[in-house]
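# Chain and residue survey
Here are the chains, one letter per residue:
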Amino acid sequence: MPQPYFSRILLKISGEALGGPHGGLDPAAIAKSASLVAEAIACGTQVAVIIGAGNLFRGLAGSRQGMDRVGADYMGMLATCMNALAMRDALQTLSLPAEIQSALPIAGVLPPFDYREAERLLSQGTVVLFAAGTGHPFFSTDTTAALRALEIRAQAVFKATKVDGIYDADPVLHPEAVRFPKLSYDKALALHLKVMDANAFALCQENHLPMVVFKAGQEGVLREILSGNFQHGTLVTE
């Protein structure tokens, strides 16, 4: 088997990818996201995963409705724990070893985050799911993805989205929008492209960590990208 373009990645999956039309946890959607991880593993890539909470609860949305922001963010962190448990079950159904590490540990259920243990597990071929964000309010799962990727020495952050990469305009509203196969951080900033939230983007840029944006749900796309073909995604680097 040829060596993958990236030997270790941090895969960011949105919470919505695990939900049905009305949110919640949808078994078919969870299985589809698990198959995405399996596709990367089959390429010989070590995979860590972070899942958002949008299918269950968004802390920022809760605060906009009058909830205390700190409490709402902690609720969102707990929602990511539920998503991680669901994903671990789906991965194990595919006979893929998977473990969870949580910034908010629960004895007997969710062990604490430990970057050394995470690296050891990844090197053995185990999928590591990071739950509960950074463990602190006011930080998104995008920021957590960049932070954890750096801590485990991943070679790139992969963000699964609804579109096949980064465009110069919203392709849903502007069919003529042009997709970038590769893009520099400086150009993304100059064009005011919202790749990830500002904190996540800054962490990746300052630490020279590549970012790959691709469309989830298209079978074979992740395999192509991990072979170095960015025809159906966008690579953001220095």
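Provided above is the structure to which this section pertains.
For the structure given in this document, a descriptive report is provided here. From a predicted model like this one, the values you see are computed outputs, not experimental measurements. (Residues numbered from 1 in each chain as written. Predicted model: local features only at pLDDT ≥ 70, side-chain atom pairs only at ≥ 80, totals over all residues. Heavy atoms only, no water.)

## Considering the packing of aromatic side chains
- For the structure shown, the criterion picks out 6 aromatic pairs.
- Geometrically, the ring pair formed by Phe6 and Phe158 is edge-to-face, given 5.6 Å between the ring centres and 85° between the ring planes. Taken together, the positions of Phe6 in the segment before strand E1 (8-13) and Phe158 in strand E5 (residues 156-161) put the pair 152 residues apart, joining distant regions of the chain.
- When the ring of Tyr185 is compared with that of Phe201, the centres are 5.1 Å apart and the planes differ by 80°; the resulting orientation is edge-to-face. Placement of Tyr185 in helix H6 (residues 185-190) and of Phe201 in helix H7 (residues 198-206) is noted, with a sequence separation of 16 residues between them. (Phe/Tyr/Trp six-rings, centres within 6.5 Å; stacked < 30°, edge-to-face > 60°. Helix = DSSP H or I, 4+ residues; strand = E, 2+ residues; numbered from the N terminus.)

## Regarding the packing of helix H1 (residues 27-42) against helix H3 (residues 69-93)
- Put simply, H1 and H3 touch, their axes get as near as 9 Å, and they point 65° apart. Seen along the crossing, H1 lies across H3 with a hand that is right-handed. Every residue of H3 that contacts H1 at Ile30, Ser33, Ala34 and Val37 is listed here: Ala86, Met87, Ala90 and Leu91.
- Considering only residue class, the contact of H1 with H3 consists of 7 nonpolar, 1 polar and no charged. (Axes fitted to C-alpha atoms, helices over the stretch in contact; angles between N-to-C directions. Left-handed = near helix turned anticlockwise from the far one by under 90°. Contact = heavy atoms within 4.5 Å. Nonpolar A, V, L, I, M, F, W, Y, C, P; charged D, E, K, R; others polar.)

## Some points on unusual backbone geometry
- The phi angle at Arg153 is positive, at roughly 60°, despite the residue not being glycine.
- Here Arg153 is to be found in the loop between helix H5 (141-151) and E5.
- Phi at His192 is positive, roughly 55°, even though this residue is not glycine.

## As for H7
- Here H7 has its buried residues at Ala200, Phe201, Cys204 and Gln205. For H7, the buried positions fall inside an angular range of 125° around the axis, keeping them on one side. Exposed and oriented more than 90 degrees from the buried face of H7 are Ala198 and Glu206.
- For H7, the capping residue at the N-terminal end is Asp197, with a side-chain oxygen 3.2 Å from the backbone nitrogen of Asn199. (Buried < 20%, exposed > 50% of the residue type's maximum accessible area, 1.4 Å probe, protein only. Arc of directions from axis to C-beta. Polar contact = N/O pair within 3.5 Å; in protein donor to acceptor, adjacent residues only side chain to side chain.)

## Side note on the nonpolar core
- Phe6, Leu91, Leu129, Phe158 and Phe214 are the most contacted members of the largest nonpolar core, which has 40 residues in total.
- With 7 residues, H3 is the single largest residue contributor to this core.
- Residues in contact with Leu91, not counting those within four places in the same chain, are Ala34, Val37, Leu96, Ala98, Val127 and Leu129.
- Residues Leu10, Val128, Leu183 and Cys204 belong to the second largest nonpolar core, which totals 29 residues. (Core = buried A, V, L, I, M, F, W, Y, C linked by side-chain atoms within 4.5 Å.)

## So, the side chain of Lys159
- Residue position: Lys159 is located in strand E5.
- For Lys159, the contacting residues outside a window of four places in its chain are Lys12, Asp142, Val195, Met196, Val212, Val213 and Phe214.

## Examining the sheet that holds E5
- Pairing in this open sheet of 8 strands is mixed, and the strands run E3-E4-E2-E1-E5-E9-E10-E8 from one edge to the other. Only two strands of the sheet have a single neighbouring strand rather than two, namely strand E3 (98-102) and strand E8 (182-184). Pairwise comparison of adjacent strand axes, ignoring direction, gives a mean angle of 25° for this sheet.
- Strand direction decides the pairing type here: E3 and strand E4 (residues 127-131), joined by 5 bridges, are parallel. Bridging from a neighbouring strand, Ala98 pairs with Val127 of E4.
- Along the sheet face, H1 touches E1, strand E2 (46-51), E4, E5 and strand E9 (211-215) and points at about 155° away from the line of E2. (Pairing = 2+ DSSP bridges.)

## What to know about the pattern of salt bridges
- For the structure on display, the rule yields 8 salt bridges.
- Measuring nitrogen to oxygen at the nearest pair gives 2.6 Å for the salt bridge that ties Glu117 to Arg120. You can see Glu117 and its partner Arg120 sitting in helix H4 (residues 115-123), 3 residues apart, about one turn around the helix.
- Two residues, Glu151 and Arg148, come together in a salt bridge whose shortest N-O distance is 2.7 Å. Separated by 3 residues within a single helix, Glu151 and Arg148 lie in helix H5, roughly one turn from each other.
- Three or more residues are tied together by salt bridges with common partners; here these are Arg8, Glu119 and Arg153. (Salt bridge = Lys/Arg side-chain N within 4 Å of Asp/Glu carboxyl O.)

Read these as spatial facts, not as claims about activity.
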